[in-house]
Amino acid sequence: MDSGTDYKVRLEVFEGPLDLLLHLVKKNELDIFNIPIAEITADYLNYIKLFRKLNLNFAGEFLVMASTLIHIKSRMLLPSIETVEEEELEDPRAALAARLMEYEKFKEAASILKEREAIQRDIYGRLPLIPQDEDYTIEATLFDLLDAFQKVVFRVEKEVREIIQEDIKVEDRIQEIMNLLENKRFINFETIFSGQRTKRLLIVTFLALLELIRLKMVFARQARPFGDIRIYKAKRELVA
Amino acid sequence: MEKEELKSIIECLLFFSDKPLSIEKLAEIMENDNFDQIKEAVEDLQKEYELRNSGLQVLNIAQGYQICTRGEFSSWVRKLYKAQTTFQLSLPALETLSIIAYKQPVTRGEIEKIRGVDTSYVLRTLLEKKLIRISGRKKLPGRPILYATSQDFLRYFGLKDLSEIPSLEEIKPPASG
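Per chain, the residues get numbers from 1 upward, laid out in the order the sequence is written. Here every chain gets a letter starting at A, and every ligand a number starting at 1, in the order they are written. Totals for whole chains, interfaces and linings use all residues, but because this is a predicted model, local features are given only for residues with pLDDT of at least 70 and pairs of side-chain atoms are given and counted only at 80 or more. Only hydrogens and water are removed before side-chain values are computed, so all heavy atoms of the structure are retained for them.

Chemist: Residue-level account of the overall build of chain B, with values.
Modeler: Starting at the N terminus, helices and strands are each numbered in turn, a helix being any DSSP run of H or I of at least four residues and a strand any DSSP run of E of at least two. Each helix and strand counted, chain B has eight helices and five strands in total. Along chain B, helices and strands appear, N-terminal first, in the series α-α-α-β-β-α-α-β-α-α-β-β-α. The buried label applies to any residue whose accessible area, calculated with a 1.4 Å probe on protein chains only, is under 20% of its type's maximum; exposed applies above 50%, and partly exposed to all values in between. Looking at chain B as a whole, 45% of its 177 residues are labelled buried. For chain B, the exposed surface amounts to about 9,900 Å²; the carbon and sulfur share of it is 53%. Surface exposure here means Shrake-Rupley accessible area, sampled with a 1.4 Å probe, where a residue is shielded only by the protein chains that are shown.

Below, the structure is given as structure tokens:
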């Protein structure tokens, strides 16, 4: 049969070198405390070669582990000259075995969490009601704010080259942001920075915004993760 | 306050709230500092829901109580509420979360030592999802950030508190001596 090679390649995805090593130990039914290091090193390196062949990206950590394995192998091959030293008496595989044991435990713990996640996913609680008329219900995190701020800075950097010396205080900007919010329920994040042409002014404004959020005078919200951010004036919120 | 009335008020609050309410919170709202009485009423309510095979249940999660739907009926809820995305955490995220849950407060370096791989991206995602929080900085050179699990972690996994996850000693790796 020259055609019809219907291979189905199933590649297990390994989280990291320890995961791969653990897989090899399990697959070959090895005793974790008595790993035949030469065999497992060969096995491990074969996998690395396979990754290469398949053009898979793999983290540098996989190579670090390869060198660790080779190091252990060489230590086991060479007779230790100074047998007096206590350290030399220890099995060079012990540290690796301990790491594998620990990793295996957390892997199991992760699968326990996964089961709980599956159960919990089927249970629904009431969704937040306030603000009801808006989709913007997720509190923006500091990361979201920083990302949005970076965009603003990037835009301004491209636009302006002149240098203006200005003395601005955070308190003043706080007042101005509150003024912008007057008679409005919210403003867009970008609006706060519009018309501001120096980095200094942008930073002071951003600090003012952070301060307002800290003081719970405004809320930064978005409709979905990484979405646009709106700044809401704090109203009476549910106490919960 | 009559016991039945107390129970009804609690039911109303647990139904309305979009997050678990602690006994302390319930006590504060009802201006009743008899924690035992409130706890008893909540537990009575819990039993009542169970006994009459309600579609709802009084869950004890994240150090509080909340009225939620029962898992058996999830397919019906999904028919009504299609917008719900079936979000699921990745294996690296679960691994990292379990390490944080057991070792908290823990630094990124300590997590990476156990996992053997870079974890910065995963940590960022978990922070964004609010499943973990920054609990401080370790008194070490460089003052590395310490991570701990959040209230949302407990809610996400339906845990009353951290004692509900089995201890590390109890965890037995599958099928190995």
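Chemist: Requested: an account of the packing of aromatic side chains, with residues and values cited.
Modeler: Two rings belonging to Phe, Tyr or Trp (six-membered ring only in the last case) form a pair when the distance between their centres is within 6.5 Å. Interplanar angles under 30 degrees mark stacking, angles over 60 mark edge-to-face geometry, and anything in between is tilted. All chains considered together, the criterion is met by nine aromatic pairs over all chains. Ring geometry for Tyr47 of chain A versus Phe51 of chain A: centroids 6.5 Å apart, planes at 75 degrees, classification edge-to-face. Placement of both Tyr47 of chain A and Phe51 of chain A in helix H2 (residues 37–53) is noted, with a separation of four residues, approximately one turn of the helix. Ring centres of Phe189 of chain A and Phe193 of chain A lie 5.1 Å apart, and the angle between their planes is 45 degrees; on these two criteria the pair is classed as tilted. Of this pair, Phe189 of chain A and Phe193 of chain A both sit in helix H8 (residues 189–193), four residues apart, which is roughly one turn of the helix. We note that Phe189 of chain A, like Phe193 of chain A, is buried. Members of the aromatic cluster, each reached through a chain of ring pairs, are Phe149, Phe189, Phe193 and Phe206 of chain A. Arg221 of chain A extends its terminal NZ or CZ atom over the ring of Phe219 of chain A, reaching a point 5.1 Å from the ring centre. Definition used: whenever NZ (Lys) or CZ (Arg) falls within 6 Å of the ring centre and also within 35 degrees of the ring normal, the charge is taken to sit over that ring. Cation over ring: Arg124 of chain B sits above Phe143 of chain A, and NZ or CZ is 5.0 Å from the ring centre.

Chemist: So what's going on with the sheet that holds strand S2 (residues 186–188) of chain A? Residues and values would help.
Modeler: All names here are of chain A. Here a strand pair is declared whenever DSSP counts at least two bridges between the two strands. Across the sheet, four strands lie side by side as S1-S3-S4-S2; this open sheet has antiparallel pairing. Edge positions in the sheet fall to strand S1 (138–139) and S2, since each of these pairs with one other strand and no more. For strand S3 (residues 218–222) and strand S4 (residues 229–233), the ladder comprises five bridges, and the chain directions are antiparallel. Within S4, the residue paired with Ala220 across the bridge is Ile231.

Chemist: Tell me about the environment of Arg70 of chain B, residues and numbers included.
Modeler: Residues and elements named next belong to chain B. In this structure, Arg70 sits in the loop between strand S2 (64–69) and helix H4 (74–80). Taking the C-alpha atoms as reference points, Arg70 and Leu56, separated by 14 residues in sequence, lie 5.4 Å from one another. There is a polar contact of 2.7 Å between the side chain of Arg70 and the side chain of Glu72. Here a polar contact is taken to be a pair of N or O atoms separated by no more than 3.5 Å, where protein atoms must pair a possible hydrogen donor with a possible acceptor and residues adjacent in sequence count only if both atoms sit in side chains.

Chemist: Explain helix H9 (residues 199–214) of chain A residue by residue, including any values.
Modeler: Residues and elements named next belong to chain A. What a helix should span is 1.5 Å times the count of its residues minus one. Between its terminal C-alpha atoms H9 stretches 22 Å, which fits the 22 Å expected from 16 residues at 1.5 Å a residue. The complete set of buried residues in H9 reads Leu201, Leu202, Val204, Thr205, Phe206, Ala208, Leu209 and Leu212. Within two residues after H9, Lys216 carries a phi angle of roughly 60 degrees, on the positive side.

Chemist: Outline the confidence of the model for chain B, supporting the account with residue identities and numerical values.
Modeler: Note that predicted coordinates carrying low pLDDT should not be read in detail. A score from 0 to 100, pLDDT tells how confident the predictor is in each residue. Looking at chain B as a whole, the pLDDT averages 90, with 94% of positions reaching at least 70. When mean pLDDT is taken per element in chain B, strand S3 (residues 106–107) of chain B scores highest with 96 and H4 of chain B scores lowest with 85.

Chemist: Got a sec to walk through a nonpolar patch on the surface? Specific residues and values, please.
Modeler: Excluding any residue in a salt bridge, patches collect residues exceeding 30% relative accessible area, merging like charges within 9 Å and nonpolar Val, Leu, Ile, Met, Phe, Trp and Tyr side chains within 5 Å. We define a salt bridge as a side-chain nitrogen of Lys or Arg found within 4 Å of a carboxyl oxygen belonging to Asp or Glu. On the surface, Leu50, Leu54 and Leu56 of chain A cluster together to form a nonpolar patch covering roughly 210 Å² of accessible area. When you line up the elements, Leu50 of chain A lands in helix H2.

Chemist: Mind laying out the environment of Tyr147 of chain B, listing which residues take part and the relevant values?
Modeler: Residues and elements named next belong to chain B. Looking at where Tyr147 falls in the secondary structure, it is placed in strand S5 (residues 145–149). When the C-alpha positions of Tyr147 and Pro105 are compared, they lie 5.3 Å apart, and in sequence the two are 42 residues distant. Here, two residues are considered to be in contact whenever any of their heavy atoms come within 4.5 Å of each other. Excluding anything up to four places from it in sequence, Tyr147 contacts Ile100, Gln104, Pro105, Val106, Thr107, Arg108, Leu123, Leu127, Ile132, Arg133, Ile134 and Ser135.

Chemist: Please provide a residue-by-residue account of unusual backbone geometry, values included.
Modeler: All names here are of chain B. Put simply, Gln104 and Pro105 share a cis peptide bond, and its omega is -5 degrees. The residue Pro105 is located in the loop between helix H5 (91–103) and S3 in this model. Located in the positive-phi region is Arg143, a residue other than glycine, with phi close to 40 degrees. On the secondary structure map, Arg143 appears in the loop between strand S4 (132–137) and S5.

Chemist: How would you summarise the sheet that holds S5 of chain B if you had to cite specific residues and measurements?
Modeler: All names here are of chain B. Taking strand neighbours across the sheet as the criterion, the three strands line up as S3-S5-S4 in an open arrangement whose pairing is antiparallel. Each edge of the open sheet carries a strand with a single partner, namely S3 and S4. Relative to S5, S3 runs antiparallel, the two being bridged by two bridges. When the bridges of S5 are listed, Thr107 appears paired with Leu146. For every element, the axis is a line fit to its C-alpha atoms; helices are fit only across the contacting stretch, and the angle between N-to-C directions ranges from 0 to 180 degrees. Relative to S5, H5 is tilted by about 95 degrees, and along the sheet it contacts S3, S4 and S5.

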